[in-house]
Amino acid sequence: MTDIPNPESIQTIPDFMTAIADTFGVEVPVTLVPNHPLFALWEETAIAVTESTPPEPRYSGTGDMATVFPFDFAQSAENPPEMNLKIEVFQPPPPTVNPRGLKVTVFPVPKSAAHPHGVIVKRGFGESVDAAGNLVAANPSIVPPEAAVDLDRLDQP
């Protein structure tokens, strides 16, 4: 299992997002533009990151957001509510699929409620061979029944 190095040393949201992106290879917002509504929260909120084991969140980043715009409105209330930030990472994403050998076939079909775009896309892997060139696995294309073509109809103008 991939781990974020030294999660307890992370103190800001951008640092937490960078660690998530670097460790798990996912796109997360690391920086926000100054006119973004959450810019102040992103740049000013101190967080504490903790690590757990599944099924609990793998990592949790928590902090107080009650003093940061736009969440500071509640501070003027007589009994201001607690406004805590929590960012949770439940598990690393699944490994990416190597697209080498990936086969995608598009079948035209009549437009219908089931196929509003008039196509069926079938994904699968083509034939795989070992180092000696022997067939290891095959995933031949099977034409879906909706895509069966009446060849006589194709000859018609």
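Residues numbered from 1 in each chain as written. Predicted model: local features only at pLDDT ≥ 70, side-chain atom pairs only at ≥ 80, totals over all residues. Heavy atoms only, no water.

Draft legend 1. Summary view of the overall build of the protein. Scanning the protein from N- to C-terminus turns up three helices and seven strands. Reading the protein from its N terminus to its C terminus gives the helix and strand order α-α-β-β-β-β-β-β-β-α. Here the protein holds 157 residues, and the buried ones make up 27% of them. When contacts within the protein are restricted to residue pairs at least 6 apart in sequence, long-range pairs at least 24 apart make up 45% of them. Of the roughly 11,300 Å² that the protein leaves accessible, carbon and sulfur atoms contribute 57%. (Helix = DSSP H or I, 4+ residues; strand = E, 2+ residues; numbered from the N terminus. Buried < 20%, exposed > 50% of the residue type's maximum accessible area, 1.4 Å probe, protein only. Contact = heavy atoms within 4.5 Å. Areas by Shrake-Rupley, 256 points an atom, 1.4 Å probe, with all protein chains shown as cover.)

Draft legend 2. Structural view of the side chain of Thr-45. Position of Thr-45 among the secondary structure elements: in the loop between α2 (39–44) and β1 (48–51). Reaching out from Thr-45, the side chain makes a polar contact with the backbone oxygen of Leu-41 at a distance of 2.9 Å. (Polar contact = N/O pair within 3.5 Å; in protein donor to acceptor, adjacent residues only side chain to side chain.)

Draft legend 3. Spotlight on the packing of aromatic side chains. Taken as a whole, this structure holds one aromatic pair when the rule is applied. Relative to Tyr-59, the ring of Phe-24 lies with its centre 6.4 Å away and its plane at 50°, an arrangement referred to as tilted. Of this pair, Phe-24 sits in helix α1 (residues 13–24) while Tyr-59 is found in strand β2 (residues 59–64), placing the two residues 35 residues apart along the sequence. Judged by its relative accessible area of 11%, Phe-24 falls in the buried class. (Phe/Tyr/Trp six-rings, centres within 6.5 Å; stacked < 30°, edge-to-face > 60°.)

Draft legend 4. Fine view of the pairing of β2. Relative to β2, β1 is paired through four bridges, and the arrangement is antiparallel. Among the inter-strand pairings, Glu-51 is bridged to a residue of β2, identified as Tyr-59. (Pairing = 2+ DSSP bridges.)

Draft legend 5. Structural view of the sheet that holds β2. The strand order across the open sheet formed by three strands is β1-β2-β3, and the pairing between neighbours is antiparallel. Each of the sheet's edge strands pairs with one partner strand only, and the pair in question is β1 and β3 (84–89). Here the average twist between neighbouring strands, direction ignored, is 20°. Pairing of β2 with β3, which is carried by six bridges, proceeds in the antiparallel orientation. (Axes fitted to C-alpha atoms, helices over the stretch in contact; angles between N-to-C directions.)

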